[in-house]
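Below are the chains, spelled out letter by letter.
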Amino acid sequence: MAKFYVTTPIYYVNDVPHIGHSYTTTTADALARWHRLVGDEVMFLTGTDEHGLKVQRSAEENGLTPQQQADNTSKRFSQTWTALSIEPDQFIRTTEPRHHEAVGKLLSKIKENGYIEKGSYAGNYCVGCEAYYTDADLVEGNCPIHERPVEWLEEDNYFFKLSAFEDRLREWINSGAIRPAGKASEALGIVELGLDDVSITRTSIDWGVQVPWDEDHVFYVWYDALINYVTAIGYGQDSPEFADWWANSHHLIGKDILRFHCVYWPAMLMAAGLEPPKHVDVHGFLLLGGKKLSKSGLTQIHPEDLIGEFGIDGFRYHFLRDVSFGPDSDFSYEQMVERYNTDLANTLGNLLSRVITVVGKKCNGVAPGSQADSPLAELAEKTVNIAAEAWNSTAPSVALDATWHLIRETNAYLGESEPWKMEEGSAEVSAVLGTALEVLRLAAILASPALVNTAPQIWQAIGLEGSPTDNVLDLDYKWGQYQGGAQLTAIEPLFPRIKPQA
Ligand code: MSP
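Keep in mind the model is a prediction, meaning the values are calculated, not measured. Here the residue numbering is sequential within each chain, running from 1 through the sequence in written order. At least 70 in pLDDT is required for a residue's local features to be given in this predicted model, at least 80 for side-chain atom pairs to be given and counted, and no such filter applies to totals for whole chains, interfaces and linings, which use all residues. Only hydrogens and water are set aside when side-chain values are computed; all heavy atoms of the structure are taken into account.

(A) Geometry of the overall build of the protein. Across its full length, the protein holds 16 helices and 16 strands. Rg of the C-alpha trace for the protein: 26 Å, near the compact-globule value of 23 Å for 502 residues, within the 12% margin. Looking at the protein residue by residue over its 502 residues, the buried ones come to 59%. Residue pairs at least 24 apart in sequence account for 78% of intrachain contacts in the protein once pairs closer than 6 positions are excluded. By element, 47% of the accessible surface of the protein is carried by carbon and sulfur atoms, the whole surface being about 20,500 Å². Computing the positive centroid from 39 side-chain charges and the negative centroid from 69, the protein places the two 2 Å apart. Secondary structure elements follow DSSP: runs of H or I no shorter than four residues count as helices, runs of E no shorter than two count as strands, and numbering proceeds from the N terminus. The globule rule used for comparison is 2.2 Å times the number of residues to the exponent 0.38, while the radius of gyration itself is calculated over C-alpha atoms. For every residue, the accessible area obtained with a 1.4 Å probe (protein chains only) is divided by the maximum for its type, and the residue is called buried under 20%, exposed over 50%, and partly exposed between those limits. For this analysis, residues touch if any pair of their heavy atoms sits within 4.5 Å. Areas reported as accessible are Shrake-Rupley estimates using a 1.4 Å probe. Residue values count occlusion only from the protein chains shown. Note that His is not counted, nor are the chain ends; the positive residues are Lys and Arg, and the negative ones are Asp and Glu. By convention, charge coordinates are those of NZ in Lys, CZ in Arg, CG in Asp, or CD in Glu.

(B) Representation of the confidence of the model for the protein within the structure. Considering every residue of the protein, the mean pLDDT works out to 94; 98% of them sit at 70 or more. Confidence drops under a pLDDT of 50 for residues 294-299, and excluding neighbours within four residues, the segment shows 16 contacts in the predicted structure. Looking at any residue, its pLDDT shows the predictor's confidence there, from 0 to 100.

(C) Region of interest: unusual backbone geometry. Along the chain, R179 connects to P180 via a cis peptide bond; the corresponding omega equals -5 degrees. By the secondary structure assignment, P180 is in the loop between β8 (178-179) and α6 (181-192). Although it is not a glycine, S85 adopts a positive phi angle of roughly 55 degrees. Tracing the backbone shows S85 in the loop between α3 (66-83) and β4 (90-93). Despite not being glycine, D238 has its phi angle at roughly 50 degrees, a positive value. Position of D238 among the secondary structure elements: in the loop between α8 (228-231) and α9 (242-246).

(D) Looking closely at the side chain of T48. Here T48 is to be found in strand β3 (residues 41-49). Here T48 is in contact with I10, Y11, V13, S74, F77, F91, I92, R93 and T94, once residues within four sequence places are set aside.

(E) Summary view of the domain arrangement of the protein. Split into domains, the protein comes out as domain 1 (3-306) and domain 2 (333-502). A straight line from the C-alpha centre of domain 1 to that of domain 2 covers 40 Å. Counting residues at the interface gives 14 residues for domain 1 and 20 residues for domain 2. Buried area is understood as the total, over both parts, of accessible area removed when two parts are fitted together, assessed with a 1.4 Å probe. Summing both sides of the interface, domain 1 and domain 2 together bury roughly 1,400 Å²; the carbon and sulfur share of this comes to 74%. Put simply, a salt bridge is a Lys or Arg side-chain nitrogen that is within 4 Å of an Asp or Glu carboxyl oxygen. The tally of links from domain 1 across to domain 2 stands at 0 salt bridges. In the analysis that follows, any N or O atom pair within 3.5 Å is treated as a polar contact, provided that within protein one partner can donate a hydrogen and the other can accept it, and provided that, for residues neighboring in sequence, both atoms belong to side chains. Our count for the contact surface shared by domain 1 and domain 2 stands at 5 residue pairs in polar contact (both at pLDDT 80 or more). Residue composition of the side of domain 1 that touches domain 2, by class: 7 nonpolar, 4 polar and 3 charged. What counts as a domain boundary in this text is fixed by an automatic or database domain assignment. Amino acids outside the nonpolar list (Ala, Val, Leu, Ile, Met, Phe, Trp, Tyr, Cys, Pro) and the charged list (Asp, Glu, Lys, Arg) are all regarded as polar, and Gly is one of them.

(F) View of the pattern of salt bridges. For the coordinates displayed, the defined rule picks out 25 salt bridges. One salt bridge connects E96 with R98, and the closest N-O pair in it is separated by 2.7 Å. Here E192 and R170 are joined by a salt bridge, their closest N and O atoms 3.1 Å apart. You can see E192 sitting in helix α6 and its partner R170 sitting in helix α5 (residues 166-174), a full 22 residues away along the chain. R170 gets classed as partly exposed once you look at its relative accessible area, which sits at 23%. Ionic contacts of the salt-bridge type, sharing partners, join the residues D29, R33, E87 and R316 into one network.

(G) Inspection of the packing of helix α1 (residues 19-37) against helix α13 (residues 377-392) at higher detail. Following both chains from N to C, one finds α1 and α13 inclined at 130 degrees, their axes separated by 10 Å at the closest point. In terms of axis orientation, α1 runs oblique to α13. Between α1 and α13 lies a crossing of left-handed hand. Residues A30, L31, W34 and H35 of α1 touch α13, and the partners they reach there are A387, A388, W391 and N392. Between N-to-C directions, angles cover 0 to 180 degrees, with each direction set by a line fitted to C-alpha atoms, over the stretch in contact for helices. Just so you know how the angles are binned, under 35 degrees is roughly parallel, over 145 roughly antiparallel, 65 to 115 roughly perpendicular, and the rest oblique. Definitions for this section: a left-handed crossing has its near helix turned counterclockwise from the far helix by less than a right angle. A right-handed crossing has that turn clockwise.

(H) Spotlight on the packing of helix α11 (residues 303-322) against helix α12 (residues 333-362). Running from amino to carboxyl end, α11 crosses α12 at an angle of 85 degrees, the nearest separation of the two axes being 9 Å. Viewed along their axes, α11 and α12 adopt a mutual orientation that is roughly perpendicular. Residue-level inspection shows L306, E309, F310, G314, F315, Y317, H318, F319, R321 and D322 of α11 in contact with α12, the latter providing Y333, Q335, M336, V337, R339, Y340, D343 and L344. Residue composition of the contact of α11 with α12, by class: 10 nonpolar, 3 polar and 5 charged.

(I) Main features of α11. Expected span of a helix, by definition, is 1.5 Å for each gap between consecutive residues, and there is one gap fewer than residues. In this model, α11 (20 residues) spans only 16 Å end to end at C-alpha, well below the 28 Å of a helix rising 1.5 Å per residue. Two axes enter the definition of the bend at a residue: one is fitted to the seven residues ending there, the other to the seven starting there, and the bend is the angle between them. Along α11, the sharpest change in direction is near 110 degrees and occurs at F310. The buried fraction of α11 is high, at 14 of 20 residues.

(J) Looking closely at the side chain of E166. Along the polypeptide, E166 turns up in helix α5. Of the polar contacts made by the side chain of E166, one reaches the backbone nitrogen of L195; its length is 2.8 Å. Setting aside chain neighbours within four positions, we find E166 in contact with V191, G194 and L195.

(K) Broad picture of the nonpolar core. Among buried residues, the Ala, Val, Leu, Ile, Met, Phe, Trp, Tyr and Cys ones that are joined through side-chain atoms within 4.5 Å form a nonpolar core. By size, the foremost hydrophobic cluster in this structure holds 92 residues, and its most contacted members are W34, F319, W404 and L451. Two domains each donate at least three residues to this core, and these are domain 1 (3-306) and domain 2 (333-502).

(L) Main features of helix α16 (residues 454-461). Among all positions in α16, only T454, A455, I458, W459 and A461 are buried. The buried residues of α16 occupy one face: seen down the axis, they fall within an arc of 165 degrees. Phi for G463, located one or two positions after α16, is positive at around 85 degrees. Summarising the geometry, the arc corresponds to the directions from the helix axis toward the C-beta atoms.

(M) Just the sheet that holds strand β5 (residues 116-126), in detail. With respect to topology, 4 strands assemble into an open sheet ordered β6-β5-β7-β9, the strand pairing being antiparallel. Edge positions in the open sheet fall to β6 (131-133) and β9 (198-199), since each of these has one partner strand only. Pairing geometry for β5 and β6, over 3 bridges, is antiparallel. Each bridged residue has a counterpart across the sheet, and for N124 the counterpart in β6 is Y133. Its contacts with the sheet place helix α10 (residues 258-271) against β6, β7 (151-160) and β9, and it is angled at close to 30 degrees to β7. Note: two strands are recorded as paired if DSSP finds a minimum of 2 bridges between them.

Pasting the structure below:
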């Protein structure tokens, strides 16, 4: 059985989840579900990044200890994921003892291998980013991301010899591990500029993982955080499964953290004698009126504000279908309503209710089975191939678009053949309805990573037992598996139309 290990960034606990966070996590959840559907063994990891100055300061502002701040907010994240039917196999917190242990082991290994040395550092620090910037990076003296003043920090710390890895990084980046290709070029550009050694510890704060060989230092939050990806699969605990999971690792990240994931992290892994990640998939920002919805600047749209109106599946479908993974994308409430009404209420919802109604009128309620020969057979087979390829290249919007194309074609086919005008119980009416039912069966399977709650309802509405994910999907799909014979009854609309709020 192939293994598939997918991770999201771990989220800072200074603030509660917003729809930018939920976008990545929903994508990871959908990918995990797709891979389970095709029979892979899957590990899906998300979690929270709980150390660092930013968390320490927001705890102070809230009158809490950093641990209390982390406990409260981490819980908010896991509650939000549950509310979105996101089901990670593990939710990691960087304050867990197993993580401290793995960080200590991995960084000690890097030191043993000769890639960590002591030195001193001074520079412009942005607390929002938890990162140093050179003067050239600043925009009018401000952090280029947060557009706020930076602070001058000076400390004694340990340095990671990043500069030793330029050649190997180049080779790894050129191997196609980073997707899309434009982001690989960006990573290569960073390496081509020449890499300086980087400071990886702090003495100015104590909210972090203590450096095992020097108790005055804690690791800088990023160097602790990145290691979560190996902690979760048993790094440093002699886990027999570690190597197999790691060889199949897929990180999903936003473009603002590319440098950390595509340059620093692979180099740290190389320095520790491990392989770099198999894939890093980089997405753009969700923008609202052109402004990034994130970090400290952020607007206040939380997933919970939208699921009341759109339902869990309406929410998931919008982000998976409308936001193509890669470029920046504008979030718009109106577009979300439009997409829901067009694709879910009209295209899919109508196909289902129409078919059940006509089966009631023309077949006495008994569903006809699909036949070997159908004008939609070829398109259906092609749709499975497109979907599989799209999920494999982390393009859920392409997979769903292909599935909805098939559903739209089926609606058009019904419109042209008008089974409601055909003779009751005729071979002709059975052939048309059998085709539509096979498409609904297949669509329930292909849409199941997005429509986690409604896909099983569609499945049952067309008289099938269990759920669309009970069996492994054969990627060599052959048309005509809908058996027929079940008694179908009308159901309430699964996706009632939404009237946009004024
Ligand atoms: N804690 C670090 C990640 C450590 S991973 C080892 C961090 N956390 S974050 O909470 O600030 O951001 C987490 C992710 O959310 C990043 O990938 C970031 O790109 C993403 N997003 C934050 N705002 C976003 C949008 N407006 N749109 C899309 N993704 C956004 O960075």
